[in-house]
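Architecture at a glance
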Amino acid sequence: MLVNIGPQHPATHGVLRLVVELEGETVKRVIPHIGYLHSGFEKLGEYRHYNQIIPLTDRTDYLAPMANNVAFALAAEALMGIEVTERCRLLRVIACEMSRIISHLVWAGTTGIDLGAFTPFLWMFEERERIYNLQESWTGARLTTSVSRVGGMMADIPEGWEAGLRDFTRTFPKVLNEVDTMFTRNAIWCGRTQGVGVMSAEDAINYSLSGPMLRASGVDYDVRKDRPYLGYDEFDFDVPIGEHGDIYDRYRVRLEEMYQSVRILDQALDRLKPGPINVSDPRVILPPKSKAMSDMEAMIFHFKQVMEGVKPPSGEVYLGVENPKGELGYYLVSDGTAKPVRWRIRPPSFLNLAALPRLCEGALLSDVIAINASVDIVMGEIDR
């Protein structure tokens, strides 16, 4: 018997349908049907300046927009050989870890609903609102942040902002402890997640999984540790690893990652000192408006920046970062003009979703919803 499932998950809102082939209640085969966003992000990027591409990265994973913005800026800077300032580096670390918490909160809350637990969803979204308030006061937007620029940041954090984040890192672990108490030893939660949707370490590697999906299967790989960027190797934090590769281990890994993000945020705030957020090269960053209004050379650079954009040298680069859903990679090819010849994304959700049919084989029909939720996909990364 064939059964149509979906669109069901909140993150898929109409663009993912699963065709499930059943024998009784046992799943024989799952075929994901994707491709209805018609976004064309990668092609749009070939017609835009490098800084004009950053708003597109907001939309690919709209649950972690600041991390996406930072990743693209890092790729463009690698192409140009730019080293950002110390304050910019720390602000980007803060942006990435805030994004990780936001994304995992949405995952934990919506997965709880998928399995019949509504109250933790309210706890998670209340905490997410606190992060969104900080994000909004920094970038002016709750969702489409566009916070980074090639060579720096769109804006510095406002005065007193650090105190708000300190308050969050102080109180947030208490909420995580409540979720831990609610779920980790809950008989229903354990029964619905332990031994369900299992992926071995060997299969996880063969499917090119990354992030919590890979680490839950026992593979110790985290881009922040194994190919450090933004000085992550200077931070003290642990990489949670699972043992069984089931839904329960994916939950435990993501829950522990939020504790570790809090540790990183505290360390980044400790190191944050006053200083410039942008490189001083006027060929890369717009000169201050006051200088552009009073200095002829600065005004010319301002004009050329706005009209022509940043121009990396000819070449190509691939740069991957550890985003909430796994390794997000940007591949850029430059011919020396202000627009990339090719912009290609390695989205973690696309590769993680490819493993869904394998995860569902032999499971019960009622487990498909839980397995799908455990993959934690966002469709902007899949239909690009």
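Right above here is the structure, for reference.
This write-up is about the structure you can find in this document. (Residues numbered from 1 in each chain as written. Predicted model: local features only at pLDDT ≥ 70, side-chain atom pairs only at ≥ 80, totals over all residues. Heavy atoms only, no water.)

Taking strand neighbours across the sheet as the criterion, the three strands line up as β1-β2-β3 in an open arrangement whose pairing is antiparallel. Each having just a single partner strand, β1 (2–5) and β3 (26–34) make up the two edges of the open sheet. Direction aside, the axes of adjacent strands within the sheet are offset by 25 degrees on average. Sheet topology note: the β1/strand β2 (residues 16–23) ladder contains four bridges and is antiparallel. Residue pairing for β2: Val3 is matched across the bridge by Val20. Docked against the sheet, helix α16 (residues 365–375) engages β1, β2 and β3, running at close to 150 degrees with respect to β2. (Pairing = 2+ DSSP bridges. Helix = DSSP H or I, 4+ residues; strand = E, 2+ residues; numbered from the N terminus. Axes fitted to C-alpha atoms, helices over the stretch in contact; angles between N-to-C directions. Contact = heavy atoms within 4.5 Å.)

Once that is clear, we can look at the nonpolar core. Among the nonpolar cores identified, the biggest contains 110 residues, and Ile94, Met98, Trp138, Leu165, Leu332 and Trp343 are the most heavily contacted of them. Among the elements that line this core, the one with the most residues is helix α4 (residues 86–114), at 13 residues. Residues contacting Leu332, with those up to four places away along its chain left out, are Tyr50, Phe72, Ala75, Ala76, Leu79, Gly315, Glu316, Val317, Pro340, Arg342 and Trp343. (Core = buried A, V, L, I, M, F, W, Y, C linked by side-chain atoms within 4.5 Å. Buried < 20%, exposed > 50% of the residue type's maximum accessible area, 1.4 Å probe, protein only.)

Here the focus is the packing of aromatic side chains. Scanning the model with the defined rule gives 14 aromatic pairs in all. A ring pair is formed by Phe168 and Phe172, whose centres lie 4.7 Å apart and whose planes are at 15 degrees; its orientation type is stacked. On the criterion of helical spacing, the pair formed by Phe168 and Phe172 is a turn pair, its members being four residues apart in helix α6 (residues 161–183). Since its relative accessible area comes to 0%, Phe172 is described here as buried. Geometrically, the ring pair formed by Tyr330 and Trp343 is tilted, given 6.0 Å between the ring centres and 45 degrees between the ring planes. Placement of the pair is Tyr330 in strand β7 (residues 326–334) and Trp343 in strand β8 (residues 342–346), with a sequence separation of 13 residues. Classification of Tyr330 by relative accessible area gives buried; the value is 0%. Given a relative accessible area of 0%, Trp343 falls into the buried group. Aromatic ring contacts, followed pair by pair, group Phe183, Trp189, Tyr248 and Tyr251 into a single cluster. Against the face of Phe237 rests Lys225, its NZ or CZ located 4.3 Å from the ring centre. (Phe/Tyr/Trp six-rings, centres within 6.5 Å; stacked < 30°, edge-to-face > 60°. Lys NZ or Arg CZ within 6 Å of the ring centre and 35° of its normal.)

Despite not being glycine, His38 has its phi angle at roughly 55 degrees, a positive value. Its location among the elements puts His38 in the loop between β3 and α1 (41–45). Note on His38: relative accessible area 66%, which makes it exposed. The residue Leu230 is not glycine, and still its phi comes out positive at about 55 degrees. Topologically, Leu230 is positioned in the loop between α10 (223–226) and α11 (247–271). Since its relative accessible area comes to 7%, Leu230 is described here as buried.

This next bit is on the pairing of β3. Pairing of β2 with β3, which is carried by eight bridges, proceeds in the antiparallel orientation. Opposite Val20, over in β3, you have Val30 as the bridge partner. Here β2 folds back onto β3 in antiparallel fashion, the turn holding two residues, of which Gly24 has a positive phi close to 70 degrees.

Turning next to the pattern of salt bridges. Within this structure, the stated rule accounts for 34 salt bridges. Across the salt bridge formed by Lys43 and Glu46, the nearest N and O atoms sit 3.0 Å from each other. Overall, Glu46 belongs to the buried group, its relative accessible area being 13%. As a salt-bridge pair, Arg59 and Asp58 come within 3.6 Å of each other at their nearest N and O atoms. Take Asp58: its relative accessible area is 1%, and that puts it in the buried class. (Salt bridge = Lys/Arg side-chain N within 4 Å of Asp/Glu carboxyl O.)

With that out of the way, let us pick up the packing of α4 against α11. Relative to each other, α4 and α11 sit at 155 degrees, their axes nearing to 9 Å. The pairing of α4 with α11 is recorded here as roughly antiparallel in orientation. The hand of the α4/α11 crossing is left-handed. Contact residues: Leu90, Val93, Ile94, Glu97, Met98, Arg100, Ile101, His104, Leu105 and Trp107 in α4; Arg250, Tyr251, Arg254, Glu257, Met258, Ser261, Val262, Ile264, Leu265, Ala268, Leu269 and Arg271 in α11. Considering only residue class, the contact of α4 with α11 consists of 14 nonpolar, two polar and six charged. (Parallel < 35°, antiparallel > 145°, perpendicular 65-115°, else oblique. Left-handed = near helix turned anticlockwise from the far one by under 90°. Nonpolar A, V, L, I, M, F, W, Y, C, P; charged D, E, K, R; others polar.)

Let's shift gears to helix α5 (residues 119–139). When the terminal C-alpha atoms of α5 are compared, their 30 Å separation across 21 residues agrees well with the 30 Å that a helix rising 1.5 Å per residue should span. Along α5, the residues classified as buried are Pro120, Phe121, Met124, Glu127, Arg128, Ile131, Tyr132, Leu134, Gln135, Trp138 and Thr139. Looking straight down α5, one finds its buried side chains confined to an arc of 160 degrees; they lie on one side. Structurally, α5 contributes buried residues whose contacts are with α3 (65–80), α4, β5 (152–153) and α6. (Expected span 1.5 Å × (residues − 1). Arc of directions from axis to C-beta.)

Now for the environment of Gly275. As for its placement among the helices and strands, Gly275 is situated in the loop between α11 and α12 (289–292). For Gly275, a relative accessible area of 36% translates into the label partly exposed.

Let's shift gears to the sheet that holds strand β6 (residues 315–323). One open sheet holds the three strands; their spatial order is β6-β7-β8, and the pairing between them is antiparallel. Edge positions in the sheet fall to β6 and β8, since each of these pairs with one other strand and no more. In this sheet, adjacent strand axes meet at a mean angle of 15 degrees when their direction is disregarded. The pairing of β7 with β8 spans five bridges and is antiparallel. Counted as the bridge partner of Tyr331 is Arg344 from β8. Seen against the sheet, helix α2 (residues 50–60) touches β7 and β8 and runs at an angle of roughly 155 degrees to β7.

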